[in-house]
Amino acid sequence: MIDPTGLTVPQLADAWQSIHTTSPSEEADPLVLDCARRLAADPGGEQARLWVAGLVTMTGYLAWRPGRLAEQAALDALHAAVKALDGQPCSHDSHPFQAEMDALEDEIWLGDTGLLTGKRTTDEGDTGPERVLCPGNVAGWARLAADVIAPFSVRRVPVGAPEYHESCRKTLSGIVNDYPYCDPYEELTDEADGLPARPTRGVLAGFLVTMNATCWYATSERVTERSVLEAMIKGVEEAVPLLDDRPCTHDPGEHPDTRDPDAANSAGYQLRSPGGRAEIAEYYGWDEEDEAEHEDVALDAWVCPVFLEGLAEDTLTELRSGLEAFGTADGDHPETGDDEPEADAPEADHEP
Ligand SMILES: [Zn+2]
Ligand SMILES: [Zn+2]
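Residues numbered from 1 in each chain as written. Chains lettered and ligands numbered in written order. Predicted model: local features only at pLDDT ≥ 70, side-chain atom pairs only at ≥ 80, totals over all residues. Heavy atoms only, no water.

Points about the coordination of the zinc ion (ligand 2)
To be explicit about the condition: The rule for donors is simple: N, O or S, within 2.8 Å of the metal, or within 3.2 Å if the metal is Na, K or Ca. Water isn't counted, so a site may look like it is missing partners. The cut-offs for exposure are 20% and 50% of the maximum accessible area for each residue type, with area from a 1.4 Å probe on protein chains only; residues under the lower value are buried, those over the upper are exposed, and the others partly exposed.
In the first shell of the zinc ion (ligand 2), the protein supplies C248 (SG), H250 (ND1), H255 (NE2) and C304 (SG), at 2.1 to 2.3 Å from the metal. Between consecutive donor residues of the zinc ion (ligand 2), the sequence gaps follow C-x1-H-x4-H-x48-C. Given the relative accessible area of 14%, H250 is considered buried.

This is the structure we're talking about:
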């Protein structure tokens, strides 16, 4: 275990680097708490960039199974930094952090933010301290980290999902709208198999929403391979235990309406990145200056474990009944009589 008190910044930076999704909380929490405490002490100060860099580096841990106190301290400090840094002068149209948003496909940033050194080197050349250390850039990184740890907990994240997500969304949109321009069996199977072992809350929510949006197509007469449904069932069954045990904090009716498969399909990929979630926020007018005006929309309900568990149950019910219908259609499991309504073949049209 590392005692962070008395360490120099380079020593701390090495310690932050050693923290990953699987780090035990005894090891990670003291580092997170130390970093959060330093940031909270002066969230708009000269050194804020260092502690923001530290929390960004430890986002993988913070987005998976952090100690709750460490998680809350990190979020409070990041939110305080966003607020304090936003008020400082900046004359730039854009900042270096935005260039990395396209790489946030699984949401965890493993590269350099440049916040420690004041310099960022990419294929396009170097960016110097004037932009890298601009309060707007430091606030941008703080926003991204906070939004990955607790989706929809900050506003004014720049809009734009990673290009790869946008392409997946389009491919699946073709499928749910019944004009696939690819092999739907392959796409649906790959999608079902594509969840990382320790997904962020946004990536896990997006996966379960996508599975729900596409299950109606999978159980329609368009899909005649059992393996597609089996892969989807397996994917959803394996994803459900990854939901954390946070209680639902929403009023009845605040959970999202996913009955339109095309809209749900879009949300399924938008949920997987800060820039994608910003698109959802923008759609609800949630990202505007007047925060009070939009408090009625509980966007964080999209990542509520209770909502997602219910959605996954609906998805599994649909997929399992689709699989049963295969048995009937193949003649493998002929119906034994009218007194078994659960063996009835579902109707062809599964639009919810
Ligand atoms: Zn700036
Ligand atoms: Zn809820």
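Having put the structure on the table, let's press on.
Observations regarding the coordination of the zinc ion (ligand 1)
Angles between donor atoms at a metal ideally measure 109.5 degrees for a four-coordinate tetrahedral arrangement and either 90 or 180 degrees for a six-coordinate octahedral one. So the rule is basically this: Square planar and octahedral sites, with four and six donors, are those where opposite donors lie more than 155 degrees apart and all other angles lie between 65 and 115, tetrahedral sites have four donors with every angle between 85 and 135 degrees, and the rest are irregular.
At the metal site, the zinc ion (ligand 1) is ligated by C90 (SG), H92 (ND1), H95 (NE2) and C134 (SG), and these contacts range over 2.0 to 2.4 Å. Here the zinc ion (ligand 1) binds four donor atoms, and the angle range of 93 to 118° at the metal identifies the geometry as tetrahedral. With a relative accessible area of 11%, H95 lands in the buried category. A relative accessible area of 4% places C134 in the buried class.

Quick look at the nonpolar core
Using the following cut-off: Throughout this description, the term nonpolar core refers to a set of buried Ala, Val, Leu, Ile, Met, Phe, Trp, Tyr and Cys residues connected via side-chain atoms within 4.5 Å. Strands here mean DSSP runs of E at least two residues long; helices mean DSSP runs of H or I at least four residues long; both are numbered from the N terminus. Only heavy atoms enter the contact rule, under which two residues are in contact if any of them lie within 4.5 Å.
One finds L188, L208, L229, M232 and W302 to be the most contacted residues of the largest nonpolar core, which totals 47 residues. Elements supplying a minimum of two residues to this core: α8 (163-176), α9 (184-192), α10 (201-218), α11 (226-239), α12 (261-270), α13 (274-283) and α14 (305-330). With sequence-adjacent residues up to four places away left out, M232 is seen in contact with L188, A192, M211, T214, C215, A218 and L319. Counting residues in each nonpolar core, the second largest holds 46 residues, with L12, L62, A74 and W109 among its members.

Topic: the confidence of the model for the chain
Put simply, the test is: Per-residue confidence from the predictor is reported as pLDDT, a score between 0 and 100.
Summing up the model confidence of the chain, the mean pLDDT is 89 and the portion of residues at 70 or higher is 90%. Every residue in residues 333-352 scores below 50 in pLDDT, and together they form 20 contacts with partners more than four places removed in sequence or on other chains.

Digging into the layout of surface pockets
Worth spelling out the cut-off: Every definition here rests on a 1 Å grid over the protein atoms only: cavities are sets of points where a 1.4 Å probe fits but cannot get out, pockets are open sets enclosed by protein on both sides within 12 Å along at least five of seven lines, and lining residues have some atom within 4 Å of a point. Grid points are joined across faces, edges and corners, and a volume is the space filled by probe spheres set on the points. Here the term charged refers only to Asp, Glu, Lys and Arg, the term nonpolar to Ala, Val, Leu, Ile, Met, Phe, Trp, Tyr, Cys and Pro, and the term polar to all other amino acids, Gly among them. Delimitation of the domains relies on an automatic or database domain assignment.
Here the largest pocket is characterised by a volume of approximately 480 Å³. Taken together, 27 residues make up the lining of the largest pocket; nearest its centre are V56, T57, I108, W109 and L110. Listed by contribution, the elements that provide at least two residues to the lining of the largest pocket are α1 (9-17), α3 (48-57) and α4 (59-62). Of the residues in the lining of the largest pocket, the class split is 15 nonpolar, nine polar and three charged. The residues that make up the lining of the largest pocket include at least three from each of domain 1 (9-149) and domain 2 (163-343).

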